[in-house]
Amino acid sequence: MSKNSFPVFDGHNDTLLRLVMAAQKGEPLDFINGENNLQIDLKKAQAGHFAGGFFAMFTPSLPRKTRRAFSTSNPQMGEPIDQDRATDFTNEMIDCALDLVARCDVLKICLTAADIAAAIKASQIAILLHIEGAEAIGPDFDGLEQLYARGLRSIGPVWSRHNIFANGVPFSFPGSPDQGDGLTDLGKELVRRCNQMGIMLDTSHLNEKGFWDIVKISTKPVVATHSNVHELSASPRNLTDDQLRAISESQGVVGLNFATGFLRADGRHDRSDVPLDTLIAHLDYMLEKLGEDGVAIGSDFDGCRLPDEIGDVAGLPNLTAAMAKAGYSDDLIDKITHKNWISLLARTWGD
Ligand code: ZN
């Protein structure tokens, strides 16, 4: 008989972005006490045994004064952004996280893998600050030190929009991740500095040449926080067998993304009728290529359309029940839901 509750430490959510954008529009959302349409808030998180995860900080391309909603299908989202805007926006998201933690002792900013393990043990929600697209870090890398000092411990050098470090993959479907050039010289230097400082590097959204540059240069395990299997859903955002093999050889981790468009064989982001079996199929494939220590969760909560059977973070137990039904042992589910991320971070950060 399987356990019925597994804490889930998750590789990716966009909840801070949604909170800051709502506040900027003058329509703030109450994460701690409110009724709202967030996919993660405190009440739903506790109902779903959400133990925290990578809280991504992404700066949208459009000027803040616009009321047009963020959407990856809006071509303007690919417009490059300048460092000042990204720095201000990122600091607002960090302020938002610090404010939540100050007002609610269930929430905790975590700087080490031991912090995360302790938070989970204490039934807290661990917040790991991550930036998705390193525009807030300029060519002199001053921003890197400043953000590290504020708690940043993980970086995706690029979102699906080019910057001074790298080129991201577009969302066109079907498509190969092999589009565009690899890391720039500054991007290669960013990898070396993150290795030295103990900042995890994320390859999700990076194009394939940039991915191979990280495989070559980085001294740490290779990670894709929220990407799926290209063989099952041919999005450029998903990982080819060669990429999965390289991640496995580095003893890295891939987090399963719940976005329907990265799960479905037809790539449709507008359909939520995706059975849990489809998520299990991606997990099975990843387990075959990466082994039991290389597979984790990277939901994309608050950044995507979710399968109906998950709905929001309160639906996580439906997924763990599907894993048990598919024959995964409690030990394996523990690894996928939180132990693999903690172990990966300990090996990456050296704690
Ligand atoms: Zn993303």
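Here the structure is shown first, and the text comes after it.
Each value, and the rule that gives it
- Sequence order as written defines residue numbering, which begins from 1 separately in each chain.
- It should be noted that, the model being predicted, local features are given only for residues of pLDDT at least 70 and side-chain atom pairs only at 80 or more, the latter also being counted only at that level, while totals for whole chains, interfaces and linings use all residues.
- As a rule here, side-chain values cover all heavy atoms of the structure and leave hydrogens and water aside.
- For two strands to be treated as a pair, DSSP must find no fewer than two bridges joining them.
- In DSSP terms, a helix is any run of H or I states spanning at least four residues, a strand is any run of E spanning at least two, and both are numbered starting from the N terminus.
- Cavity means a closed set of points on a 1 Å grid over the protein atoms alone, one where a 1.4 Å probe fits but cannot get out, pocket means an open set with protein on both sides within 12 Å along at least 5 of 7 lines, and lining means a residue has an atom within 4 Å of a point.
- Grid points are joined across faces, edges and corners, and a volume is the space filled by probe spheres set on the points.
- Stacked, edge-to-face and tilted labels apply to pairs of Phe, Tyr and Trp rings (six-membered ring for Trp) whose centres lie within 6.5 Å, assigned for plane angles under 30 degrees, over 60, and everything in between, in that order.
- Criterion for a charge above a ring: Arg CZ or Lys NZ at most 6 Å from the ring centre, at most 35 degrees from the ring normal.
- Here a salt bridge means any side-chain nitrogen of Lys or Arg lying within 4 Å of a carboxyl oxygen belonging to Asp or Glu.
- Think of it in three bands: with a 1.4 Å probe and only protein chains considered, a residue is buried below 20% of the maximum accessible area for its type, exposed above 50%, and partly exposed in between.

(A) Highlighting the sheet that holds strand S9 (residues 295-297). Taken in spatial order, the 3 strands of this open sheet run S7-S8-S9, and their pairing is parallel. Every other strand in the sheet has two partners, leaving strand S7 (223-224) and S9 as the edge strands with one partner each. Strand direction decides the pairing type here: strand S8 (residues 253-256) and S9, joined by 3 bridges, are parallel. Looking across to S9, one finds that Leu-256 is bridged to Ile-297.

(B) Molecular detail of empty space enclosed by the protein. If you walk through the whole model with that rule in mind, you get 1 cavity of 30 Å³ or more. Considering only enclosed or pocket space, the largest cavity measures out at about 60 Å³ in volume.

(C) The packing of aromatic side chains, seen in detail. Enumeration according to the criterion identifies 9 aromatic pairs in this entry. Taken together through their ring pairs, the aromatic side chains of Phe-58, Trp-159, Phe-171 and Phe-262 make up a single cluster. Positioned above the aromatic ring of Phe-262 is the side chain of Arg-237, whose terminal nitrogen or guanidinium carbon lies 4.9 Å from the ring centre.

(D) Region of the structure containing the pattern of salt bridges. This structure, assessed with the given rule, holds 18 salt bridges. Across the salt bridge formed by Arg-192 and Glu-189, the nearest N and O atoms sit 3.4 Å from each other. Pair noted here: Arg-192 and Glu-189 are both in helix H6 (residues 185-197), with a separation of 3 residues, about one helical turn. Linking Arg-271 and Asp-273 is a salt bridge whose minimum nitrogen-to-oxygen distance equals 2.7 Å. A relative accessible area of 32% means that Arg-271 is categorised as partly exposed.

Remember that the coordinates give geometry; whether it matters functionally is a separate question.
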